[in-house]
Amino acid sequence: MKANAPKRKVFQDAVDLLGMPEVENAPAFNGTTMIPVEKIVPFHNHPFRLYEGERLDDMVESIKAHGILIPVIVQKVADKYEMLAGHNRWNAGKIAGIKEIPAIIKENLTEREAYVYVIETNMLQRSFDDLLPSEKAAVLAERYEKVMCQGRRNDILEEIAKLNGVDAPETCGHDVHRSKSRDSIGEDYGMTGRNIARYMRLNQTTEQIKEMVDTGTMAMVTAVELSYLSEEEQKQVCTVLDECGGKIKNTQAVELHNAAGSLTEDMVKSILVGEVKEKPVSDSKMFAQIKKKYFKGKSTEEVLEVLEQALASWFAGEGDVDV
């Protein structure tokens, strides 16, 4: 799918689940089950931000008026159902006050198969160019995986297309996929293979680091360096950054990268904060502090006279000085 391909239209963009009245020739969905909304939990590694603002408000109002037409897709997890496709429908439905939601229940999915549902159904609704860096990273990483062109993934894409009333995307065989490189994926998105690699490294960072990149408080190249740290080491870095309230320089990130695998909290602090040294107090500042503490209301000349007497007595061993 090309990054700038026109957004697919389903029931006048019903795939966005803005909802609408029943229409003629609308497809029927077999195997749909009504599930209580409180029985559903978000996908454990959902990389996309939920709708906010006007888009969410429009979805809520439409669901209030027409309900949810296209079922969500979930998988059974213990006594709950984990959302695969339809996080925004579910969220808007809860706000709208609905108690049950139509759902298609999937079973025995591998982690990769579940992730295909999450990524591909979201990309039916969103423009790649509008995604946050962390969201782009998730999309590109999924599409680079070997599952991208395996038969099972093709089956999933065809199912999603049928569910949403669109043509299935072109699929490819195993041999074609094996030659798929970062450069060729980059061509689909107007990016170089090197940029694709950076986004895939970003996908290996913690949620806090991704959020910092999304908000612009951390540079992409810095996050790439940190991606080579273990998850625990990345958390240590974030903890120190939170404590000192500072930003991380790329040179510091490179130093952390070079020490990956052997970092301790003290090492992280040393690299990010440096040795904490007491700031020297100037003579004038010291005199001002002494005057304020011990000689309130006295002139500088009076203070100097008393200090001279006190020092003379001290060094002469005369004991206490009457100030």
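Further remarks concern the overall build of the protein chain. A tally of helices and strands in the protein chain yields 15 helices and five strands. Looking at the protein chain as a whole, 42% of its 323 residues are labelled buried. Considering only contacts in the protein chain between residues 6 or more positions apart, those separated by 24 or more positions represent 71%. Of the roughly 18,800 Å² of accessible surface on the protein chain, 49% is carried by carbon and sulfur atoms.

In terms of strand pairing, strand S3 (residues 72-77) meets strand S5 (residues 100-106) through four bridges, oriented parallel. Note on S5: the bridge partner recorded for Val72 is Ala103. In sequence, S3 turns back onto strand S4 (residues 80-85) through a hairpin of two residues, with Ala78 there showing a positive phi of about 55°.

What follows concerns the sheet that holds S5. The pairing of strands in a sheet happens through backbone hydrogen bonds and is either parallel or antiparallel. Within the open sheet, the five strands sit side by side as S1-S5-S3-S4-S2. Their pairing is mixed. The outermost strands of the open sheet, each flanked by one partner alone, are strand S1 (32-36) and strand S2 (40-41). Pairing analysis gives two bridges linking S2 to S4, with the strands arranged parallel. The residue of S4 that forms the bridge with Val41 is Glu82. Its contacts with the sheet place helix H2 (residues 87-96) against S2, S3, S4 and S5, and it is angled at close to 120° to S4. With respect to the sheet, helix H3 (residues 111-123) is in contact with S3, S4 and S5, its orientation differing from that of S4 by roughly 50°.

Moving on: the pattern of salt bridges. Enumeration over the complete set of coordinates arrives at five salt bridges. Residue Asp214 pairs with Arg49 through a salt bridge whose shortest N-O separation is 2.6 Å. With Asp214 in helix H9 (residues 207-215) and Arg49 in the loop between S2 and helix H1 (53-66), this residue pair connects regions lying 165 residues apart in the sequence. For Asp214, a relative accessible area of 16% puts it in the buried group. Note that Glu61 is salt-bridged to Lys64, the shortest N-O span being 3.7 Å. You can see Glu61 and its partner Lys64 sitting in helix H1, three residues apart, about one turn around the helix.

Time to look at the packing of helix H4 (residues 133-144) against helix H8 (residues 193-202). Between two packed helices, what matters for the description is the angle formed by their axes and the separation of those axes. Contact geometry of H4 with H8 gives a least axis separation of 8 Å together with a crossing angle of 105°. Overall, the two elements H4 and H8 adopt an arrangement that is roughly perpendicular. Taking contact as the criterion, the partners of Pro133, Ser134, Lys136, Ala137, Leu140, Ala141 and Tyr144 in H4 are, on H8, Ile196, Tyr199, Met200 and Leu202. Split by residue class, the contact of H4 with H8 holds nine nonpolar, one polar and one charged.

Between the first and last C-alpha of helix H15 (residues 300-316) there are 24 Å, a value that for 17 residues agrees with the 24 Å anticipated at 1.5 Å per step. Within the span of H15, buried status applies to Val303, Val306 and Ser313. The buried residues of H15 all sit within an arc of 100° when viewed along its axis, so they share a single face. The exposed residues of H15 that point more than 90 degrees off its buried face are Glu301, Glu308, Phe315 and Ala316.

Here the focus is the confidence of the model for the protein chain. When pLDDT is averaged across the protein chain, the result is 77; 74% of the residues are at 70 or more. Taken element by element, the predicted model of the protein chain shows its lowest mean pLDDT in helix H6 (residues 174-178) (36) and its highest in helix H10 (residues 220-226) (95). Note on residues 171-179: pLDDT is under 50 here. Beyond four places in sequence and across chains, it has twelve contacts. A low-confidence stretch, residues 275-279 (pLDDT under 50), is modelled with zero contacts involving residues beyond four sequence positions or located in other chains.

Rules used throughout
Residues numbered from 1 in each chain as written. Predicted model: local features only at pLDDT ≥ 70, side-chain atom pairs only at ≥ 80, totals over all residues. Heavy atoms only, no water. Helix = DSSP H or I, 4+ residues; strand = E, 2+ residues; numbered from the N terminus. Buried < 20%, exposed > 50% of the residue type's maximum accessible area, 1.4 Å probe, protein only. Contact = heavy atoms within 4.5 Å. Areas by Shrake-Rupley, 256 points an atom, 1.4 Å probe, with all protein chains shown as cover. Pairing = 2+ DSSP bridges. Axes fitted to C-alpha atoms, helices over the stretch in contact; angles between N-to-C directions. Salt bridge = Lys/Arg side-chain N within 4 Å of Asp/Glu carboxyl O. Parallel < 35°, antiparallel > 145°, perpendicular 65-115°, else oblique. Nonpolar A, V, L, I, M, F, W, Y, C, P; charged D, E, K, R; others polar. Expected span 1.5 Å × (residues − 1). Arc of directions from axis to C-beta. pLDDT = per-residue confidence, 0-100.

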